[in-house]
Amino acid sequence: MPTTTVHPITALTPELEAVLKEDTDRHLRNLIAANIGTQYARSSPQLSDFYLAVKDKDVQNDETVLSDFRRLISPTDYETYRPFFEKFNSRPCRLSEVENMLAPGLPAYIPLSSATSGKKSKQFAKYFRSQPRSTGISSLSVETAARFVTLAYRDPVVVVTDSGEVVARIPVCNESTGITRTQHNWSIETDDTRMASMIPGNTAPWATGLITHHRSFLLIHALFALANTSLEGIAAMFVVLFMDMVHRIEEEWPTLISSIRNGTIPDFEQIGHVRPYLQLNMHADPQRADELQDIGPPLSSPGWAQRVWPNLKVLSGVCSGTFARALPQARSILGLNVVVHNPCYLCTECFIGRPLNFDDTETFVVVTTDLIEFLDMTEERTHGQVLQAWDLQPGKFYQPLSTTHDGLWRYFIDDVIQVTGFDPRNGLPVFRYSRRKNLELRLPHAMITEADLVCVIHAISGKDIVEVEEFTTVVDDRKFPLTVGFFISVKGDIGPNAKSARQKAFAAFVATSDEHQIAFDTDEFGLPTIRIVKSGTFADYRRWRGESLNLSVVQSKLPSVLSDSKAQEWMTERVMLEL
């Protein structure tokens, strides 16, 4: 693990700016050259002016191509691409209609967005790359790790010729599954050859990745991790997934110990299709079972993980933004000597950033896998304000736009980032995540952002009130006036000053905007409400949400704003106390 700390610089030197411009322009030329002949580029209204301007030019050598791109292509959103993506849903899916759709050839996989906003998942297409991307989960640089990698997929898209011959079966899956499969060249046609195998350096058998039941997926990973005394790393897409596993271990501690003692796979739900392959790799270890029995379950003492795994060095998982709420409890379980590593800043559409420093979970540097441009969030959204990396100013907020190997052109990413400087090694922007662009609570008097909600949670979380582990919110319309309703999970007991929680939450809202005080004084905004849900509710929500939307076990997230009415009803049923 790297030990040298990189400190961002606040301004680009002329030399760094020149290198950054040269690298950006070369990368953009390559992207244009690769995708200008696709169906989307040739027929999309959004690219018609650009296509006509460059179709007869030498993209690699004509300097005007770059200015044409920046002058003629306006930012795009999902609706621009929907008619093209939906052609993959045609039955039959004909090669003549989908080949070279957004990038050359056929997609390697078709990922779905995680739909945290409650809307239907968006569908994308991801193509083969000469250098496959990595989520950071499978590439964690330790000898032995528990890697929570899901390999499951939905019914594949079967592509046929006009005569009916099958030419491709494209898996429909989540982004991390697609990346992992392409990185290791794990075709769905050859899955049967790997079912009984162990992935080198992983604690769990390969077949574990095909478990789609959330609880069982975590418990099987937990079982094989607990049985392994040499574990050095734990890698999950999100740190909160690690905490979900910890709570499952707590619930099933006697069962897991018994399984390690006698070498049998427990009868967990919905593992029948992989159980024989798991059993082949499970061996009785009474001595290890005794060691674990003496240590006790995870919530029995701080630093539990290092007692169970003395060689444990790192936990890797996304833990910035709202996911940072899981960090304090995760650190308590891990102990002082285990580093928490945030492996990437990734969305379904594209790869945006890598951590600037290994142990800094909040600060990222823009990657050059795809082209990232920027909109200044202090300006109105217009085409003329698309900025390049060298135009950015530390301290300001921007919305990323991405032009990708997979055929997106100046695509809006619904995040807001704050630039904090530049990488002294290459001039690339250094940034921190701020909030989701469109994940907001809309009240009559204000739009309340995700960042505002996090500020409120920080204000009320403490031993004197409640120690908040996770949260989500709704517009609470149970009585007039409307207000923000928090659902929270808590650690430990309610504090002596819990009665002040609502007032503190209100004060925190006012600190973000005076409009809240004005609205309160005019009876347009009420004191925020705070409801505590039963232990394990949010882990169960991720499972329930994943099953109801047919998402993978690692893709179901707890959104900071809960907009779906069924999800709100589900959450309300699990309230045990209202402050």
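Residues numbered from 1 in each chain as written. Predicted model: local features only at pLDDT ≥ 70, side-chain atom pairs only at ≥ 80, totals over all residues. Heavy atoms only, no water.

Trainee: So, the overall build of the protein chain: which residues are in play, and what are the values?
Mentor: Within the protein chain, the secondary structure is distributed over 19 helices and 24 strands. Its C-alpha radius of gyration of 25 Å places the protein chain within 12% of the 25 Å reference for a compact globule of 579 residues. Projected onto its principal axes, the C-alpha positions of the protein chain cover 75 × 65 × 50 Å. In the protein chain, which comprises 579 residues, the share counted as buried stands at 56%. A total of about 24000 Å² of accessible surface is found on the protein chain, and carbon and sulfur atoms cover 49% of it. A gap of 2 Å separates the mean positions of the 57 positive and 70 negative side-chain charges of the protein chain. (Helix = DSSP H or I, 4+ residues; strand = E, 2+ residues; numbered from the N terminus. Rg over C-alpha atoms; globule rule 2.2 N^0.38 Å. Buried < 20%, exposed > 50% of the residue type's maximum accessible area, 1.4 Å probe, protein only. Areas by Shrake-Rupley, 256 points an atom, 1.4 Å probe, with all protein chains shown as cover. Lys, Arg positive; Asp, Glu negative; His and termini not counted. Charge placed at Lys NZ, Arg CZ, Asp CG, Glu CD.)

Trainee: Lay out the sheet that holds strand 23 (residues 529-533) in plain terms, naming residues and giving numbers.
Mentor: Within the open sheet, the 4 strands sit side by side as 21-22-23-24. Their pairing is mixed. Strand pairing shows two members of the sheet lacking a second neighbour, strand 21 (467-476) and strand 24 (575-578), which therefore form its edges. Ignoring strand direction, the axes of neighbouring strands in this sheet form an average angle of 30°. Where strand 22 (residues 483-491) and strand 23 come together, 4 bridges link them in parallel fashion. Bridge pairing in strand 23 places Phe-486 opposite Ile-530. Packing of helix 15 (residues 450-460) onto the sheet brings it into contact with strand 21, strand 22 and strand 23, and relative to strand 21 it is tilted by some 130°. (Pairing = 2+ DSSP bridges. Axes fitted to C-alpha atoms, helices over the stretch in contact; angles between N-to-C directions. Contact = heavy atoms within 4.5 Å.)

Trainee: So what's going on with the packing of helix 9 (residues 239-251) against helix 14 (residues 327-334)? Residues and values would help.
Mentor: Two elements in contact, helix 9 and helix 14, have axes separated by 10 Å at closest approach and are oriented at 55°. Considering their axes alone, helix 9 and helix 14 lie oblique with respect to each other. Along this stretch, helix 9 crosses helix 14, giving a crossing that reads as left-handed. Residues Val-239, Phe-242, Met-243, Val-246 and His-247 of helix 9 pack against Gln-329, Ala-330, Ile-333 and Leu-334 of helix 14. In terms of residue class, the contact of helix 9 with helix 14 is made up of 7 nonpolar, 2 polar and no charged. (Parallel < 35°, antiparallel > 145°, perpendicular 65-115°, else oblique. Left-handed = near helix turned anticlockwise from the far one by under 90°. Nonpolar A, V, L, I, M, F, W, Y, C, P; charged D, E, K, R; others polar.)

Trainee: Summarise the packing of aromatic side chains; cite the residues concerned and give the values.
Mentor: The geometry of two aromatic rings is summed up by the distance between their centres and the angle between their planes. Under the defined criterion, the tally for this structure stands at 25 aromatic pairs. On the numbers, 6.1 Å between centres and 80° between planes, the contact of Phe-50 with Phe-69 is edge-to-face. Highlighted residues: Phe-50 in helix 3 (residues 48-54) and Phe-69 in helix 4 (residues 64-72), separated in sequence by 19 residues. The buried category is assigned to Phe-50, whose relative accessible area is 0%. (Phe/Tyr/Trp six-rings, centres within 6.5 Å; stacked < 30°, edge-to-face > 60°.)

Trainee: Describe the sheet that holds strand 3 (residues 126-127), listing the residues and the values that go with them.
Mentor: The strand order across the open sheet built from 5 strands is 1-5-6-2-3, with neighbouring strands paired in mixed fashion. Bordering the open sheet on either side are strand 1 (93-94) and strand 3, each of which pairs with just one other strand. Alignment of strand 2 (residues 107-111) against strand 3, held across 2 bridges, turns out to be antiparallel. Its bridge partner lying in strand 3, Tyr-109 is registered against Lys-126. Of the strands in this sheet, strand 2, strand 3 and strand 6 (166-173) are in contact with helix 7 (residues 175-184), which crosses strand 2 at around 160°.

Trainee: With reference to specific residues and values, describe the confidence of the model for the protein chain.
Mentor: Averaged over the protein chain, the pLDDT score is 88; the fraction of residues at 70 or greater is 93%. Low pLDDT (under 50) marks residues 115-119, which in the prediction has 11 contacts with non-local residues, meaning those over four places away or in another chain. (pLDDT = per-residue confidence, 0-100.)

Trainee: Let's hear about helix 9: which residues, and what values?
Mentor: With 13 residues, helix 9 extends 19 Å between its outermost C-alpha atoms, agreeing within 8% with the 18 Å of an ideal straight helix rising 1.5 Å per residue. With 10 of 13 residues buried, helix 9 is to be regarded as a mostly interior element. Of the positions making up helix 9, those classed as buried are Val-239, Val-240, Leu-241, Phe-242, Met-243, Asp-244, Met-245, Val-246, Arg-248 and Ile-249. (Expected span 1.5 Å × (residues − 1).)

Trainee: Outline the pairing of strand 23, supporting the account with residue identities and numerical values.
Mentor: Of all 5 residues making up strand 23, 5 are buried, and the element is well covered by its neighbours. Of the two faces of strand 23, the one lined by Thr-529, Arg-531 and Val-533 and the one lined by Ile-530 and Ile-532 are each fully buried. As judged from the 3 bridges shared by strand 23 and strand 24, these two strands associate in the antiparallel manner. Residue pairing for strand 24: Ile-532 is matched across the bridge by Leu-577.

Trainee: So what's going on with a nonpolar patch on the surface? Residues and values would help.
Mentor: A contiguous nonpolar patch, built from Ile-494, Met-576 and Leu-577 and spanning about 260 Å² of accessible area, is present on the exposed surface. Checked against the element boundaries, Ile-494 lands in the loop between strand 22 and helix 16 (501-512). Residue Ile-494 is classed as partly exposed on the basis of its relative accessible area of 35%. (Patch = residues over 30% accessible without salt bridge, like charges linked within 9 Å, V, L, I, M, F, W, Y side chains within 5 Å. Salt bridge = Lys/Arg side-chain N within 4 Å of Asp/Glu carboxyl O.)

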